[in-house]
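Report on the structure
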Amino acid sequence: MKLIVTGATGFVGGEVVRLALQDKSISSVVALTRKAAPVPKHVGPEADTSKLKSIILEDWEHPYPDDVVEQLKGADGCVWTLAVTPTKSKEASFDEVTKICYDYTVNGLKMIASVSNKPFRFIYTSGVTVERDQTKTLPFLQDYRLMRGRVENFVLDFASQHATEVQVSITKPGGIEGPGHPKNEALSSVWAQFGPTPWLHVSELAAAMIDQCLKGVSKDTLWAEDLKKIGSGALKTEDYVPLE
Ligand SMILES: NC(=O)c1ccc[n+]([C@@H]2O[C@H](COP(=O)([O-])OP(=O)(O)OC[C@H]3O[C@@H](n4cnc5c(N)ncnc54)[C@H](OP(=O)(O)O)[C@@H]3O)[C@@H](O)[C@H]2O)c1
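Residue numbers run consecutively from 1 along every chain, following the written order of its sequence. Residues qualify for local features only when their pLDDT is at least 70, as the model is predicted, and side-chain atom pairs are given and counted only at 80 or more; totals for whole chains, interfaces and linings, by contrast, use all residues. To get the side-chain values, take all heavy atoms of the structure and skip hydrogens and water.

**Let's talk about the nonpolar core**
In plain words, nonpolar cores are sets of buried Ala, Val, Leu, Ile, Met, Phe, Trp, Tyr and Cys residues tied together by side-chain atoms within 4.5 Å. Relative accessibility under 20% of the residue-type maximum defines a buried residue, over 50% an exposed one, and the middle range a partly exposed one, all with a 1.4 Å probe and only protein chains included. Grouped together as the largest cluster of nonpolar side chains are 38 residues, with contacts concentrated most on Leu32, Tyr64, Trp80, Ile112, Phe120, Phe122 and Val155. Contributions of two or more residues to this core are made by strand E2 (28-33), helix H2 (66-72), strand E4 (77-80), helix H3 (94-114), strand E5 (120-125), helix H4 (142-161) and strand E6 (166-172). Numbering of helices and strands starts at the N terminus; helices are DSSP runs of H or I of at least 4 residues and strands are runs of E of at least 2. For this core, the leading source of residues is H3, giving nine residues. Contacts are assigned to residue pairs with any non-hydrogen atoms lying within 4.5 Å of each other. Contacts of Phe120, omitting those with residues within four sequence positions, involve Ala75, Asp76, Gly77, Cys78, Leu109, Ile112, Ala113, Glu165, Val166 and Gln167. Of all hydrophobic cores here, the second largest spans 33 residues; its members include Val5, Val12, Ile26 and Ala207.

Written out as structure tokens, the structure reads:
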């Protein structure tokens, strides 16, 4: 399988790359980023780092250049983790955050799906607080949460318009722990309002998303409980990235 990973320089995307390099079912890992994606720390001894190709894209809003498209051709799956997280969203204007979260994803899904193998699996990393219902009034981060909800709606609509060719899943984790990202239990009660939301280890989230690309999408929306089950089931103890 050929796998594309966006956001590969980030917390979640970096772990997707690390696990994908160790997975013998994956022959090619294309990191599509704005700056070079390094080989992640803690790759296991069985990892084949030669499978990683780092492709730089400068303009994410318009049709991708031919040389980039050439490298993306024939992908079987894409894990999209590129986004501005709620915490970082305060560092830029809402228009800029919308461009990165919404426009880049819409353009990226169209571009990548148009040159992919079929069926193509697109796994979009979102969050438990993201709201699809645009009529709702939300008590915190309303504009951001609704905007991310519009991304989810676009991804789901795209799949229904390309039913035999494109499968999608939206992952909606709450807390994710990993290296440099300790648990923050204070947020657990916020997430609990959205239903059972166990903390995920970043390896569990990454493994679950890779699993959906490899085996096919089991549900179009995967909540933290689903992700924990799928991810922990796919991992051996030694596959988990150390927390420190
Ligand atoms: N972290 C959590 O606890 C958590 C919890 C629930 C849901 N999520 C969701 O999981 C997803 C990934 O989060 P994360 O924690 O991995 O975020 P992250 O560490 O901030 O990584 C974000 C990635 O997006 C890329 N990116 C941001 N702005 C960009 C731009 N203008 N152009 C190109 N690339 C850009 C970053 O690239 P650069 O390295 O070049 O900046 C980086 O690779 C997000 O959708 C987030 O909402 C995260």
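**Notes on the sheet that holds strand E1 (residues 2-6)**
Pairing within the open sheet is parallel, and its seven strands lie in the order E3-E2-E1-E4-E5-E6-E9. Every interior strand has two partners, whereas the edge strands, strand E3 (52-56) and strand E9 (221-223), have only one. For this sheet the average axis-to-axis angle between neighbouring strands, irrespective of direction, equals 20°. Pairing geometry for E5 and E6, over six bridges, is parallel. When the sheet's bridge partners are listed, Ile123 is paired in E6 with Ser169. Lying over the sheet, helix H6 (residues 202-215) contacts E1, E4, E5, E6 and E9, oriented at roughly 160° with respect to E5. Throughout, an axis means a line fitted to C-alpha atoms (over the contacting stretch in the case of helices), and angles, computed between N-to-C directions, take values from 0 to 180 degrees. Strands E6 and E9 of the sheet are contacted by helix H7 (residues 224-234), whose axis makes an angle of about 85° with E9. We treat two strands as partners when DSSP finds at least two bridges between them.

**A short note on the layout of surface pockets**
The way it works is a 1 Å grid over only the protein atoms, where trapped points that fit a 1.4 Å probe form a cavity and open points with protein on both sides within 12 Å along at least five of seven lines form a pocket, and then any residue with an atom within 4 Å of a point lines it. Grid points are joined across faces, edges and corners, and a volume is the space filled by probe spheres set on the points. Reported here for the largest pocket is a volume of approximately 1600 Å³. Taken together, 48 residues form the lining of the largest pocket, with Ala83, Val84, Thr85, Pro86 and Lys88 sitting closest to its centre. Broken down by secondary-structure element, the contributors of at least two residues to the lining of the largest pocket are helix H1 (11-22), E2, H3, H4 and helix H5 (188-192). Of the residues assigned to the lining of the largest pocket, the class counts are 24 nonpolar, 16 polar and eight charged. Three classes are used: nonpolar for Ala, Val, Leu, Ile, Met, Phe, Trp, Tyr, Cys and Pro, charged for Asp, Glu, Lys and Arg, and polar for all others, with Gly counted as polar.

**Points about the site of the ligand**
The full set close to the ligand counts 22 residues, and Thr9, Val12, Arg34, Lys88 and Arg148 are the nearest of them. Here an oxygen atom of the ligand sits 2.9 Å away from a polar atom, N or O, in the main chain of Phe11. Residue-level accessible areas treat just the shown protein chains as cover; the underlying method is Shrake-Rupley with a 1.4 Å probe. For the ligand, the accessible surface in isolation is 900 Å², of which the surrounding protein chains cover 84%. Put simply, the ligand lies in the largest pocket. Considering only residue class, the shell around the ligand consists of ten nonpolar, eight polar and four charged. Definition of nearness: a residue and a molecule or strand are near each other if at least one heavy atom of the residue lies within 4 Å of the molecule or strand. Nitrogen and oxygen atoms within 3.5 Å of one another constitute a polar contact, given that in protein one can donate a hydrogen and the other can accept it, and given that sequence-neighbouring residues count only through two side-chain atoms. A cavity or pocket is said to hold a molecule if more than half of that molecule's atoms lie within 2 Å of its grid points.

**Things to note about H6**
For H6, spanning 14 residues, the distance from its first C-alpha to its last is 20 Å, which sits close to the expected 20 Å at 1.5 Å a residue. With twelve of its 14 residues buried, H6 lies for the most part within the structure. Looking only at H6, the buried set comprises Val202, Ser203, Glu204, Leu205, Ala206, Ala207, Ala208, Met209, Ile210, Asp211, Gln212 and Cys213. Downstream of H6 by a residue or two, Gly216 has a phi angle that is positive, lying close to 105°. To estimate how far a helix should extend, the number of its residues minus one is multiplied by 1.5 Å.

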